[in-house]
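# Descriptive structure summary
Here are the chains, one letter per residue:
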Amino acid sequence: MPVALHHRLDGTGTRPLVLVHGVGSYLEAWDGVVAALAPQFRILRFDLRGHGQSERVRGRYEIDDFVGDLLRLADHEGFGRFDLAGFSLGGLIAQRTALTHGDRVRRLVLLSTVAGRTEDEQERVRDRLAALQRGEAGSHYDASVGRWLTEAFQAANPELLQRLRERNASNDPDCYAAAYRVLAETDLGDRLHLIRQPTLVATGADDQGSNPRMARFMHERIAGSRLEILPGLRHSILVEAPELVAGLMRDFLLSDDTKTGAAA
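A brief structural summary. Please read these numbers as outputs of a predicted model, since none were measured by experiment.

## Brief notes about the sheet that holds strand S2 (residues 15–20)
Strand pairing in a sheet is mediated by backbone hydrogen bonds. Such pairs are either parallel or antiparallel. If you trace the seven strands from one edge of the open sheet to the other, you get S1-S3-S2-S4-S5-S6-S7, paired in mixed fashion. Of all strands in the sheet, those bounded by a partner on one side alone are strand S1 (7–10) and strand S7 (226–230). Strand after strand, the sheet turns through a mean of 15° between neighbouring axes, direction not considered. Sitting on the sheet, helix H11 (residues 242–253) touches S2, strand S3 (41–46), strand S4 (82–87), strand S5 (105–111), strand S6 (199–204) and S7, and the angle it makes with S5 is about 150°.

## Some details on the environment of Ser-236
You can see Ser-236 is positioned in the loop between S7 and helix H10 (237–240). Sequence spacing of Ser-236 and Trp-148 is 88 residues, and the spatial spacing of their C-alpha atoms is 5.0 Å. Dropping the residues within four chain positions of it, Ser-236 is found in contact with Phe-87, Trp-148 and Leu-149.

## Section: the pairing of S2
Across the six residues that make up S2, a large majority, five, are buried. Here S2 pairs with S3 via six bridges, running parallel. When the sheet's bridge partners are listed, Val-20 is paired in S3 with Phe-46. Relative to S4, S2 runs parallel, the two being bridged by four bridges. In the sheet register, Leu-19 faces S4, and the bridge partner there is Ala-85.

## Focus on the packing of aromatic side chains
Inspection of every chain in the model, using the stated rule, returns one aromatic pair. Note on Tyr-61 and Phe-66: the rings are 5.6 Å apart at their centroids and 85° apart in plane angle, and the pair reads as edge-to-face. Assessed through its relative accessible area of 1%, Tyr-61 is described here as buried. Between the NZ or CZ atom of Arg-49 and the centre of the ring of Tyr-61, over which it lies, the distance is 5.7 Å. Positioned above the aromatic ring of Tyr-26, the side-chain terminus of Arg-167 is 3.6 Å from the ring centre.

## Quick word on the layout of surface pockets
Any space left empty among the atoms is revealed by the rolling of a water-sized probe across them. Quantified by volume, the largest pocket comes out at close to 920 Å³. Around the largest pocket sit 42 residues that line it, and Ser-25, Phe-87, Trp-148, His-235 and Ser-236 are the ones nearest its centre. Taken together, the elements giving at least two residues each to the lining of the largest pocket come down to helix H1 (31–37), helix H4 (119–133), helix H5 (137–148), helix H7 (158–169), helix H8 (173–185) and H10. No other element matches H7, which puts six residues into the lining of the largest pocket. In terms of residue class, the lining of the largest pocket is made up of 20 nonpolar, 12 polar and 10 charged.

## Here we look at the packing of H4 against H8
At a minimum axis separation of 10 Å, H4 and H8 run at an interaxial angle of 170°. Compared by their axis directions, H4 and H8 come out roughly antiparallel. Regarding H4 and H8, the two cross each other, and that crossing is left-handed. Contacts between H4 and H8 involve Val-125, Arg-128, Leu-129, Leu-132 and Gln-133 from the first element and Tyr-176, Ala-177, Tyr-180, Arg-181, Ala-184 and Glu-185 from the second. Partitioned by chemical class, the residues of the contact of H4 with H8 number seven nonpolar, one polar and three charged.

Calculation notes
Residues numbered from 1 in each chain as written. Predicted model: local features only at pLDDT ≥ 70, side-chain atom pairs only at ≥ 80, totals over all residues. Heavy atoms only, no water. Pairing = 2+ DSSP bridges. Helix = DSSP H or I, 4+ residues; strand = E, 2+ residues; numbered from the N terminus. Axes fitted to C-alpha atoms, helices over the stretch in contact; angles between N-to-C directions. Contact = heavy atoms within 4.5 Å. Buried < 20%, exposed > 50% of the residue type's maximum accessible area, 1.4 Å probe, protein only. Phe/Tyr/Trp six-rings, centres within 6.5 Å; stacked < 30°, edge-to-face > 60°. Lys NZ or Arg CZ within 6 Å of the ring centre and 35° of its normal. 1 Å grid on protein atoms, 1.4 Å probe; cavity = no way out; pocket = protein on both sides within 12 Å on 5 of 7 lines; lining within 4 Å. Points joined across faces, edges and corners; volume = space filled by probe spheres on them. Nonpolar A, V, L, I, M, F, W, Y, C, P; charged D, E, K, R; others polar. Parallel < 35°, antiparallel > 145°, perpendicular 65-115°, else oblique. Left-handed = near helix turned anticlockwise from the far one by under 90°.

Honestly, it's all geometry; don't read function into it.
Here it is as structure tokens:
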């Protein structure tokens, strides 16, 4: 049965763009990026299954469940071929979509996402998954804030931090853990060389989980891709630097060059 997905269409432009958020998040995470891109793009964003106002589907999730949800929603809204951007888990979903339905994806943007984890990195993410599966979602969030946002940003935005904390607490624990398992256990590194779309890879220079080493790994394996390492930022670049992210996306998506090959 198709999953009921809460979604939103924004923008006054004509170029179709689909945005996919990260685990435990919601479509509003893209607000700052959408505001900047609205004049050039017609933007479709949605809450992943089990997140936000979408259907709280329980049980085991697979990466292809998310891909199927995305494509059904794109079909429903008349998005035949589109640019696709994903953040964190959304970046994994975007990778998989490009690999399995490449004819649907015009250009690809992979933000703060993962591929080619080392054994140590695999162990750390498995430990975080185990904590979630034990029902320790609150402690997981508290331990993660420092990995997601810089101290300066946290100090300057206490009200935003409180809203983020409240939104995180509203997550269904089972759905959160089911989605996090996909993030923790999915690695498409050995297939990235099959991605043919022009691709932008970007992450924060101080992101510990979706770190610059992994971003360079993706860049090296996706022919002609562009790499951007963002100084002074950690994981949550959509929250801390939406204008910067939107600028990089606009320049890349509207460029006529199909082989950028740039590296930062």
